[in-house]
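A closer look at the structure
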Amino acid sequence: MESSFSFGVILAGLATLIIVANTLVAVVVLALIHRNEGAGLCFTLNLALADTLIGVAISGLVTDQLSSSPQPTQKSLCSLRMAFITSSSTASVLTVMLIALDRYLAIKRPLRSFQLMSGLVAGTSIAGLWLVSYLIGFLPLAIPMFQQTTYQGPCSFFAVFHPRFVLTLSCAGFFPALLLFVFFYCDMLKIASAHSQQIRKMEQAGAGAGTYRSPRTASDFKAFRTVAILIGSFTLSWAPFLITGIVQAACQSCHLYLLLERYLWLLGVANSLLNPLVYAYWQKEVRQQLYQMALGAQKRLASLLSLCSARNAGHEGPRESSCRIVTVSHPQLDG
């Protein structure tokens, strides 16, 4: 019971941080989109939305972990919660893939990428992404082999979903996505290396006497770094959970559910906190907009405090002036 309560407290803190961080990122990105529309910003906004929904979904599990009631959550409600969490997590991962694809096309085919990634294409991609995510998340509710035959509570992932579902997700989703990430990274590394060789050749040929610098070098490095961060956070967060889930599916006599649900699943969910902290705040325009919003809030707070001080001084002013009038008027009456 004490262990469940501690897990509930950790889950509550994680859900709160996820919701606050991603909501803040969503507000900042909305302000940027209002000023300058772009497919990359739309994908970033969708990532913040998906991660916020994960925080909202896991907050529903907190009451089960902190409650002392002997009656567990109904299996149907628990299944819906887990399906919603799985759908939101899938949407988050697929959005990360779209962001990586957007950065990859920006380097591989910069002009073609600008033509392809229009608002219509971005909106259609995001709509299709959410459709696929909900189909995957609610798949266990339609296929009995992905459901547990018995349910004892409290509500958790493996309390309602069979490890076969994790095996299917890993083989059909995680490993193909990881291979795609690695392909993007290696091809971008190849392109960046080719650009560096071209720059060195032009400098050796005397183009600008060593002062020449390709305008794409900085943008290539930023895109290269972004994809590297996406690969690292995605792999470190979800790989332990999915690989251990495969082991549990292959070894029915192994009892790895406690490790999976209390530690590795929590690590995977924590990716929704890493996304805004490591990726969104890494973008220069997001940091600048956040700084401007903080300055605006500080100015409004200073104006409010000065207004309150002025009102307090205004209330004290008439009492002081009335006392001064009384003091001056008495000598005049005596004279």
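Structure report, in brief. (Residues numbered from 1 in each chain as written. Predicted model: local features only at pLDDT ≥ 70, side-chain atom pairs only at ≥ 80, totals over all residues. Heavy atoms only, no water.)

**Here we look at the environment of leucine 49**
This is how it is decided: Only DSSP runs of H or I covering at least 4 residues are called helices, and only runs of E covering at least 2 are called strands; the numbering of each starts at the N terminus. Exposure classes here rest on a 1.4 Å probe applied to the protein chains alone. A residue is buried below 20% of its type maximum, exposed above 50%, and partly exposed in between.
Looking at the secondary structure, you find leucine 49 in helix α2 (residues 39–66). The exposure class assigned to leucine 49 is partly exposed, which follows from its relative accessible area of 44%. Once the C-alpha coordinates of leucine 49 and alanine 91 are considered, the two residues, 42 residues apart in sequence, prove to be 9.4 Å apart.

**Overview of the packing of helix α3 (residues 75–108) against helix α5 (residues 119–137)**
Rules: Helix axes are fitted to C-alpha atoms over the stretch in contact, other axes to C-alpha atoms as well, and angles between N-to-C directions run from 0 to 180 degrees. With the far helix as reference, a near helix turned anticlockwise by less than a right angle produces a left-handed crossing, and one turned clockwise produces a right-handed crossing. Two residues qualify as a contact provided that any one of their heavy atoms is within 4.5 Å of a heavy atom in the partner residue. By the convention adopted, Pro, Cys, Tyr, Trp, Phe, Met, Ile, Leu, Val and Ala count as nonpolar, Lys, Arg, Asp and Glu as charged, and the other residues, Gly among them, as polar.
Closest axis-to-axis distance for the α3/α5 pair is 8 Å, and the angle between their directions is 140°. Between α3 and α5 the crossing geometry is right-handed. Residue-level contacts link Ala83, Phe84, Thr86, Ser87, Thr90, Ala91, Leu94, Thr95 and Leu98 of α3 to Ser125, Leu129, Trp130, Val132, Ser133, Tyr134, Ile136 and Gly137 of α5. Looking at the contact of α3 with α5 residue by residue, the classes come out as 10 nonpolar, 7 polar and no charged.

**What about the pattern of salt bridges?**
Counted only if it meets this: The working definition used for a salt bridge is a side-chain nitrogen of Lys or Arg within 4 Å of a carboxyl oxygen of Asp or Glu.
Inspection of every chain in the model, using the stated rule, returns 1 salt bridge. Taking the shortest distance from any N to any O, the salt bridge between arginine 103 and aspartate 102 comes out at 2.8 Å. Comparing arginine 103 with aspartate 102 shows no difference in burial state: the two are buried.

**Things to note about the environment of leucine 11**
Locating leucine 11 in the fold gives a position in helix α1 (residues 2–35). Note on leucine 11: relative accessible area 1%, which makes it buried. Sequence-distant contacts of leucine 11, that is, excluding residues within four places in its chain, are made with Ile58, Leu61, Val62, Trp265 and Leu266.

**Comments concerning helix α10 (residues 257–269)**
For clarity, the threshold we go by: The bend at a residue is defined as the angle formed between two axes, one fitted to the seven residues ending at that residue and one fitted to the seven starting there.
Maximum bend of α10: about 30°, positioned at tyrosine 263. Along α10, the positions that sit buried rather than exposed are Leu260, Glu261, Arg262, Leu264, Trp265, Leu266, Gly268 and Val269.

**Points about the packing of aromatic side chains**
Basically, it comes down to this: For this analysis, a ring pair means two rings from Phe, Tyr or Trp (six-membered ring only for Trp) whose centres lie within 6.5 Å, classed as stacked if their planes differ by under 30 degrees, edge-to-face if by over 60, and tilted for the remaining angles. Charge-over-ring contacts are defined here by two conditions on Lys NZ or Arg CZ: a distance within 6 Å of the ring centre and an angle within 35 degrees of the ring normal.
Summed over the entire model, instances satisfying the criterion amount to 18 aromatic pairs. Ring geometry for phenylalanine 157 against phenylalanine 158: centres 5.1 Å apart, planes inclined by 80°, an arrangement best described as edge-to-face. Here phenylalanine 157 and phenylalanine 158 have matching classes, each one buried. The interplanar angle of 70° and the centroid separation of 6.0 Å between the aromatic rings of tryptophan 238 and phenylalanine 241 together place this pair among those described as edge-to-face. Placement of both tryptophan 238 and phenylalanine 241 in helix α9 (residues 216–250) is noted, with a separation of 3 residues, approximately one turn of the helix. For phenylalanine 241, a relative accessible area of 3% puts it in the buried group. Here the aromatic cluster, defined as three or more aromatic residues joined through ring pairs, consists of Phe146, Phe157, Phe158, Phe161, Phe165, Trp238, Phe241 and Tyr257. The ring of phenylalanine 7 has arginine 262 sitting right over it, with the charged end atom 4.8 Å from the ring centre.

**Some words on the nonpolar core**
Formally: Throughout this description, the term nonpolar core refers to a set of buried Ala, Val, Leu, Ile, Met, Phe, Trp, Tyr and Cys residues connected via side-chain atoms within 4.5 Å.
Within the largest apolar cluster, 65 residues are counted, with the highest numbers of intra-cluster contacts made by Leu11, Ile58, Met82, Phe157, Phe241 and Trp265. Within the residue set of this core, elements represented by two or more residues are α1, α2, α3, α5, α7 (157–160), α8 (163–204), α9 and α10. Per-element accounting of this core gives the leading share, 14 residues, to α3. With residues up to four places along the chain from it excluded, the contact list for phenylalanine 157 reads Met82, Thr86, Phe165, Val166, Phe241, Glu261 and Trp265.

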